[in-house]
Amino acid sequence: MEAVVQAVPAWLKERRERGASRFAAVGFPTVRQEDWRFTSVSPIAESAFPLARGLFTRARALVEAVSVPGSVRLVVCNGEFLPELSELSTLPKGLKIAGLRDGARDNADGLEQRLAKTFDIDAHPFAALNTSQLDDGVAVFIARGAVIETPIHIVTITGSDAGAVTSHPRVLVVAGEHSQARIAQTFVGEPGARYFTNSVAEVVVGDSAVIDFYTDQRESENAFHVANLQATVAAKGVFSSHAFLTGARIMRHDIGIALNGEGADCTMNGVYLADGDRLMDTHTALDHAMPHCTSHELYKGILGGKARAVFNGRIIVRLDAQKTDAKQTNRALLLSDEATINSNPQLEIFADDVKCTHGAAVGQLDEEAMFYLMARGLTRVEARDMMLHAFAGEVLDGLTIPALREQIESNFFALLARDVQLKS
Amino acid sequence: MLEVRNLKVRVDDKEILRGVDLVVKAGEVHAMMGPNGSGKSTLARALAGHPGYEVTDGTAIYQGHDLLDMDPDERAREGVFMAFQYPVEIPGVNNAYFLKAALNARRKHQGLDELDAMDFMKVVKEKLKVLHIDDSMLQRSVNEGFSGGEKKRNEIFHMAVLEPTLAVLDETDSGLDIDALRVVADGVNAMRSPERSFVVVTHYQRLLNYIVPDYVHVLSDGRIVRSGGRELALELEEKGYGWVEPAAAGARK
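What counts as what
The residue numbers shown here count from 1 along each chain, following its written sequence. In the order they appear in the text, chains get letters beginning with A and ligands get numbers beginning with 1. The predicted nature of this model means local features are confined to residues of pLDDT at least 70 and side-chain atom pairs, given and counted, to a pLDDT of 80 or more, with totals for whole chains, interfaces and linings taken over all residues. Only when DSSP finds a minimum of two bridges between them are two strands counted as paired. Only DSSP runs of H or I reaching four residues or more are called helices, and only runs of E reaching two or more are called strands; each is numbered from the N terminus. The contact criterion used is a C-beta to C-beta distance within 7 Å, with each C-beta placed from the backbone. Axis definition: a line fit to C-alpha positions, over the contact stretch in the case of helices; interaxial angles, taken between N-to-C directions, run 0 to 180 degrees. Three exposure classes are used, all based on how many other C-beta atoms lie within 10 Å of a residue's own C-beta (placed from the backbone): buried at 20 or more, exposed at 12 or fewer, and partly exposed between those limits. What a helix should span is 1.5 Å times the count of its residues minus one.

Asker: How should I be thinking about the sheet that holds strand E2 (residues 14-24) of chain B in this particular structure?
Answerer: Sheet strands pair by backbone hydrogen bonding; their relative direction is either parallel or antiparallel. Residue and element names in this part refer to chain B. The strand order across the open sheet built from four strands is E2-E1-E4-E5, with neighbouring strands paired in antiparallel fashion. Both outer strands of the open sheet, E2 and strand E5 (65-66), are each paired with one neighbouring strand and no more. Sheet topology note: the strand E1 (residues 2-11)/strand E4 (residues 54-62) ladder contains seven bridges and is antiparallel. Paired with Glu3 across the two strands is Ile61, which belongs to E4. Along the sheet, helix H1 (residues 40-48) makes contact with E1, E2 and E4, crossing E2 at roughly 75°.

Structure follows, in structure tokens:
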């Protein structure tokens, strides 16, 4: 035990302590705070599940069920990087993988400079909590100029053989200049299990690098899921985030993207599906800090039962960020009378020569279109699925890894069949 | 084929059809004419099972089955087809993908094997050729951004692929130029057969120059006020609907 403690470098200890002191000072957020107005996390605070570490019996099967053939697989189980469940046999040239614990001990290049450095944890109490527990996780380094064709798939699982647990998974991606890679992160747990996943992923996109990041959140329907994805994009860098959100009883997904170099481009798309009395909260923050950057944001929600959704899309265009072109769209379909959404675009524009548009639309399934499809012979369920597929299609089309797309789509439609009851 | 008796239909608490009787035998083409607001389209939509059209009285027997008891999708799988007056634009739903699903739903219902993508395309290409329709329509979203004429041609194309037993064309001629009208008429004529019946709803006689009906009916104020052969349509064109309307008004009071 003593040896492990000694292996932790001073910088990491210092960052943990900063996270701990910040979380001690602010605690769990409350609905009195603007950013948490519609999302009460008291069920998370009250349940106080103990911290989990390492493997549990069902972990291997859960990983198998979501594995993407032909990818580099990185398994983070209860926050710990597990090389024995990972698939690292065919690591392409220019790709380096490090467990955070081992990497910190071995003083891996770039870790000290980057880890917990891409964003301000003061604005993110759950990220502060995650950082206070920072022990392991996985780091992905893509060398300058490397074009990685093989998808990189991070499988994040939480669970135990005993009761409900908490995990704080951590991921760091550093993409060198002119590099390219596609990274997917799947969050999964035992169906029906209660647990709390509190994830942080940091992505550093170098000059002219192109990084696609896919989030497949398919946690147990009884889990709590809080995740924070933070990216910084350097000049002419291209970053895209595609989120497919179908799991958890209470979900809060924060995405922060800082366009820190001229000519950077980002896409931030997502589709979420919820039923029952589940809550899906997405908060995005886009920081246009430099001139000539473009951003495209499209979120689509499908809500049944008494499900609730929150979408908050913040875009800051700083004084220097002239010629910014930003577009944000949020659309939601409510399939029942009791489902609700709070949608809030939040544009803060300080530059004067910019193009920023936003639009939000909430509606129901188009009954005339449903009748048209049915009048040609499709059942109501077939017609609905076709309509919902079309609705989500724009976001699903962003999935450029065929095996992953197949998996995400089949999960999506299995959940529709299970969850979303039609009004007759 | 179809036997409609005393059909009364309400839309938004307003009675539009006030007792329609119509018998269509296999192989026949019936034209349903009438002025605006007479109930022609209501009859078409009620036969297709539109949920906004509430049947308050009467019966409709289709091939021995109670048509009114079936959901719209069951009617379609049983071979009832309605060409929409206003085909709905459905962004994101691929026209060919949808049509394949619709055809296979019908085939499955008939106990036939479902067609795979290749066999389906074979069927589709053949129909497109007969109808002189461009195949670019296939890969677009259903009706999205289609011109008025394209929408109507697409309806006829769907009909040709689905090969219904009873086809109801709801003002398919409205807004069409003469070339598009020909495409529609040729499509219908090519499909006429002793086993298939058509109800052609139209405001104008013009379409009936190309699709020659066996019977013509005139609807006015929710009832069929005149029935006859093809010559009735010509008479209507000459004299206008004013010719039948006073009689209808008189009959009501």
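Asker: What am I meant to see in unusual backbone geometry here?
Answerer: Residues apart from glycine generally show negative phi values, whereas peptide bonds are mostly found in trans. Backbone geometry places Lys323(A), a non-glycine residue, at a positive phi of 60°. One can find Lys323(A) in the loop between strand E17 (308-317) and strand E18 (325-334). Of note in the backbone geometry, Glu163(B) takes a positive phi value of approximately 45° without being a glycine. Mapped onto the elements, Glu163(B) comes out in the loop between helix H5 (148-162) and strand E9 (166-170). On the neighbour-count criterion, Glu163(B) (17 C-beta atoms within 10 Å) is partly exposed.

Asker: Can you help me understand H5(B) in this one?
Answerer: One turn of an α-helix holds 3.6 residues; hence residues three or four places apart share an orientation. Residue and element names in this part refer to chain B. The first and last C-alpha atoms of H5 sit 21 Å apart over 15 residues, in line with the 21 Å expected at 1.5 Å per residue. H5 sits mainly inside the fold: twelve of its 15 residues count as buried. Among the residues of H5, Lys151, Lys152, Arg153, Asn154, Glu155, Ile156, Phe157, His158, Met159, Ala160, Val161 and Leu162 are the ones counted as buried. Buried residues in H5 make contact with strand E6 (80-83), helix H3 (95-109), helix H4 (117-131), E9 and helix H6 (178-191). Two residues or fewer after H5 comes Glu163, characterised by a positive phi angle close to 45°.

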